[in-house]
Amino acid sequence: VGNWEMTALAYERAVSLVPDSFEYNKDLAVAYKKLKKYEKALDAYKRALETAEGRINAQIHANTGETALELKKYEEAMGYLEKASKLNPEKQLMEAINANFASAYSKKGLTAVEQEDYKQALEDFKNALRYAPDNKKLMESIKKLEKIIQ
């Protein structure tokens, strides 16, 4: 059993004893995320967000959004990222949030392309470009989609 497995076991035990602990749920979520157990991580982050400390913690909202993104839950991810950006407009966190927004919209757009919903894909890529204005790949994708839609 590796270190992250042991960490997860320890925090599972801690959460079973103090289920409404912000710290225990947050740390359990981190351990699950390191183990790529994203569904369990998302659940633990959500429990952390239910606490008074969690509700006002921008980083936890951002981490929850990032985890939802791993599970391809794009709309849910964007909701958490939006909340994080409202709670804490600090430059460093905002850069990470914007990168996650761009990623969420890009992945949502790629899904729309796979479904041949080119208008939705174009809208999603344009939204992604708002968060990553220098992304040349997005610019190229938008141009290609505009030609397809014409």
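Here is a short report on the structure shown in this document. Owing to the predicted nature of the structure, the values given are computational and were not obtained by experimental measurement.

**Let's talk about the side chain of K33**
Reasoning step 1: Looking at the element boundaries, K33 is found in helix α2 (residues 22-34).
Reasoning step 2: Within the structure, the side chain of K33 is placed 2.4 Å from the side chain of E66, a separation counted as a polar contact.
Reasoning step 3: Residues within four places of K33 in sequence aside, it is in contact with Y38, A41, Y45, N63, E66 and T67.

**A closer look at the nonpolar core**
Reasoning step 1: Counting residues in each nonpolar core, the largest one holds 26 residues, and the members touching the most others are M78, I97, F101, Y105 and F125.
Reasoning step 2: Looking at this core, the elements with two or more residues in it are α5 (58-70), α6 (74-87), α7 (91-114), α8 (118-131) and α9 (136-149).
Reasoning step 3: Setting aside residues no more than four positions away along its own chain, F125 makes contact with S106, G109, L110, V113, L138, S141, I142 and L145.
Reasoning step 4: With 14 residues, the next largest nonpolar core counts Y32, A41, A48 and L49 among its residues.

**Notes on the packing of α2 against helix α3 (residues 38-49)**
Reasoning step 1: Packing of α2 against α3 brings their axes to within 8 Å, and their N-to-C directions diverge by 165 degrees. By the angle between their directions, the pair α2 and α3 is classed as roughly antiparallel. Along this stretch, α2 crosses α3, giving a crossing that reads as left-handed. Along the contact surface, α2 presents F22, N25, K26, L28, A29, V30, Y32 and K33, while α3 presents Y38, K40, A41, A44, Y45, R47 and A48.
Reasoning step 2: Its residues assigned to classes, the contact of α2 with α3 comprises 10 nonpolar, one polar and four charged.

**Topic: the packing of aromatic side chains**
Reasoning step 1: Counted by the stated rule, this structure contains four aromatic pairs.
Reasoning step 2: Considering the side-chain rings of Y105 and Y131, the 6.1 Å spacing of their centres and the 10 degrees angle between planes classify their relative orientation as stacked. One end of the pair, Y105, is in helix α7; the other, Y131, is in helix α8, and 26 residues separate them in sequence.
Reasoning step 3: The buried category is assigned to Y105, whose relative accessible area is 14%.
Reasoning step 4: An aromatic cluster of at least three residues, connected via ring pairs, comprises F101, Y105 and Y131.

Conventions used here
- Residues numbered from 1 in each chain as written.
- Predicted model: local features only at pLDDT ≥ 70, side-chain atom pairs only at ≥ 80, totals over all residues.
- Heavy atoms only, no water.
- Helix = DSSP H or I, 4+ residues; strand = E, 2+ residues; numbered from the N terminus.
- Polar contact = N/O pair within 3.5 Å; in protein donor to acceptor, adjacent residues only side chain to side chain.
- Contact = heavy atoms within 4.5 Å.
- Core = buried A, V, L, I, M, F, W, Y, C linked by side-chain atoms within 4.5 Å.
- Buried < 20%, exposed > 50% of the residue type's maximum accessible area, 1.4 Å probe, protein only.
- Axes fitted to C-alpha atoms, helices over the stretch in contact; angles between N-to-C directions.
- Parallel < 35°, antiparallel > 145°, perpendicular 65-115°, else oblique.
- Left-handed = near helix turned anticlockwise from the far one by under 90°.
- Nonpolar A, V, L, I, M, F, W, Y, C, P; charged D, E, K, R; others polar.
- Phe/Tyr/Trp six-rings, centres within 6.5 Å; stacked < 30°, edge-to-face > 60°.

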